[in-house]
Structures are given as C-alpha cells and as structure tokens.
Amino acid sequence: MTAAIHIKDVKKRYGSLQALDGVTLSIEEGEFFGLLGPNGAGKTTLISIIAGLNRADMGSVSIHGHDVVSHYRDARQKLGMVPQELVFDPFFTVRETLRLQSGYFGIANNDRWIDEVMENLDLTHKADTNMRALSGGMKRRVLVAQALVHKPPVIVLDEPTAGVDVELRQTLWKFITRLNQEGHTIVLTTHYLEEAQSLCKRIAMLKSGKVVALDTTAALIRRISGVQLVVQLALGDLPSSLKPLVLRPDEVQLGNTNNKFVLHINDYAEVEHILAKIRENGAVIEDMHLQKADLEDVFLQVMSGNTQ
C-alpha cells in the first residue's frame, strides 16, 4: 500500500541552523498522526516542505506516491493544509472565499459540500459576512474550511486550535474525527498534548531537526514513562541517589519552597526502596501517591533525553 505521506532523509538548513537533519518517516493512509516537538524543532519547516511551500536541501517527500517537487500539482491536489497564520483575503465573504478556493482546485458547483463544511464548523450564520469582520476564532474556522473544500485525502493541521476557545476545539475535533473515520489521513501538530494523546494513534517527536521518538501513543506512554511516584516532603530533601529519577519539580508551590517531586519508576517494588532512602536522608513525607504517566510526561522525558 502506498503511504499517505512518505518522507525520506529530508534535510534543510538556514544559514548556520540545521532545521531538519535527516528526517525519515511514513504516515499510512487513514492514520491520525501527531507531529510533536518544542518550538524550533523543525515541525513547521517539515510541514512547509510537505505542502510544497519550501524545498528540502536533500531527501524527498511524496503524497500518495506523488513527489511534492516533480509532481507538485498532483501532490497538492491530495493535500489540505491548515496553517498557523491567519491569512485571508479581506474583500470576500466566507462563502465567496470557499468558492474561490474550490476554483483553485478546478472544482465548480461545489456549494453542497461547502454548505456541509460550514455547517460542521458552525460557519453557516457567517456565510455572507465579509472576512475582515470575523473574529480570530471565526477566521481560523474558515482556514479549516478552505483546507477541506476539495475533499483532500490527506489533511495537515498546523496548530489549528492555538489561541481559540473551547467551543471551536470541540466543533473542530468532532468534524475532523468524522473525516478520519471516513478514511482521511490526519496529521496534527499541537502544543496541547492532551489533544494529541486523545486523538492521535501514532506520534513522532522532533528535536533539533531529528526524529527522537516514533511509535503508537499507547506504546510511547507504556515504554518510556512507566509509573510515577509523586512525593510531597514536609521537611528535608531527596537524597542525591534519587535525583536521577526525578522527572521535573511539580509546579505546586508551598510557601517559599517546592518540595513536591515526580519520580519515574519501572516497577512497584521500587517504592519501598525509595521511601527507605528518603527516611534515611532525614526527610519527612507529607503526602505521596502513584499515578500513571501521560503524553506530557513522555514528551518531557524525550526532550530531556531521560528515556533510559
């Protein structure tokens, strides 16, 4: 089966910055795939190359078997792209904007699908409103609608819910999930890791232009994070021998101290050993509990290099 998106050894440099450094991965048809990483990891550069807006220095990218450089028209026809930036033409209404977008792909008499897209994104009541009169959230809905007017089999969403309200998130994910269930391939970048965990079946994490983790979401959480022991100390500190287990200090502040620690453990049998070490160090435990890891914990561990 031909991959929805195939990326092979892609490299891209901007001056002294190596934005992408040999990225290779395949996204299969019908996947809901997450592309995660901190700012500057190379996500937007990679997406720009996939969309044909930028060219790789080395390597290749294809969409449904169509190379994004040598067969740009065919590749672009297969792709719907929702960018981060709010880019719009201020001279047209919402419906006119979507009709024009259909025309760019050679699609005439597309009003039935346009109406369905607007209804699913709660844009129907704004159909005849000029784009410049819309709120930021409504403009973002129109960007999503523009990406969908030609019914692309592959949809790339670059931070689609950044800075938008809960209502839009719920509306958007309901519609996008439906499209995925109907066979569309979805590629999502987001800083909202709870969204990625609930939506994406497989995830790639980028760091400094390289893929540093690639697996199913469940496998990443199970393989990398294990279980966490959360310990709140009333007095004292953790012994130095336990500091390598600390994932991060918790953000909860007690007075002027921060004595709440999250420790990575691989087995429940380790708990008694840890508690004994704390007691030997003269620290006093105020509270403790075990919790399962989530994607945020995986992300922090992978980015810190603490994946053991």
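Preceding block: the structure.
Quantities reported herein were computed from a predicted structural model and do not represent experimental measurements.

**Q** Which parts of the structure should I look at to understand the pattern of salt bridges?
**A** Here the structure, examined in full by the defined rule, presents ten salt bridges. A salt bridge links Arg99 to Asp111, with the nearest nitrogen and oxygen atoms 2.7 Å apart. One end of the pair, Arg99, is in helix 3 (residues 94-104); the other, Asp111, is in helix 4 (residues 111-120), with twelve residues separating them in the sequence. A network of salt bridges, in which partner residues are shared, links Glu116, Arg178 and Glu182.

**Q** Would you mind going over the environment of Leu235 with me for this structure?
**A** In this fold, Leu235 is placed in strand 11 (residues 227-235). Once the C-alpha coordinates of Leu235 and Asn259 are considered, the two residues, 24 residues apart in sequence, prove to be 8.2 Å apart. Sequence-distant contacts of Leu235, defined by excluding residues within four places in its chain, comprise Ala283 and Val284.

**Q** Can you help me understand the side chain of Thr185 in this one?
**A** When you line up the elements, Thr185 lands in strand 8 (residues 185-189). Side-chain polar atoms of Thr185 contact the backbone nitrogen of Gly30, separated by 2.8 Å. For Thr185, the contacting residues outside a window of four places in its chain are Ala4, Ile27, Glu28, Glu29, Gly30, Glu31, Pro153, Val154 and Ile155.

**Q** What exactly am I supposed to notice about helix 1 (residues 43-50) here?
**A** Most of helix 1 is tucked away: seven of the eight residues are buried. The set of residues buried in helix 1 consists of Lys43, Thr45, Leu46, Ile47, Ser48, Ile49 and Ile50. At the exit of helix 1 stands Gly52, carrying a positive phi of roughly 80°.

Procedures and definitions
- Residues numbered from 1 in each chain as written.
- Predicted model: local features only at pLDDT ≥ 70, side-chain atom pairs only at ≥ 80, totals over all residues.
- Heavy atoms only, no water.
- Salt bridge = Lys/Arg side-chain N within 4 Å of Asp/Glu carboxyl O.
- Helix = DSSP H or I, 4+ residues; strand = E, 2+ residues; numbered from the N terminus.
- Contact = heavy atoms within 4.5 Å.
- Polar contact = N/O pair within 3.5 Å; in protein donor to acceptor, adjacent residues only side chain to side chain.
- Buried < 20%, exposed > 50% of the residue type's maximum accessible area, 1.4 Å probe, protein only.

Such coordinate-based values are descriptive only and should not be taken to indicate function.
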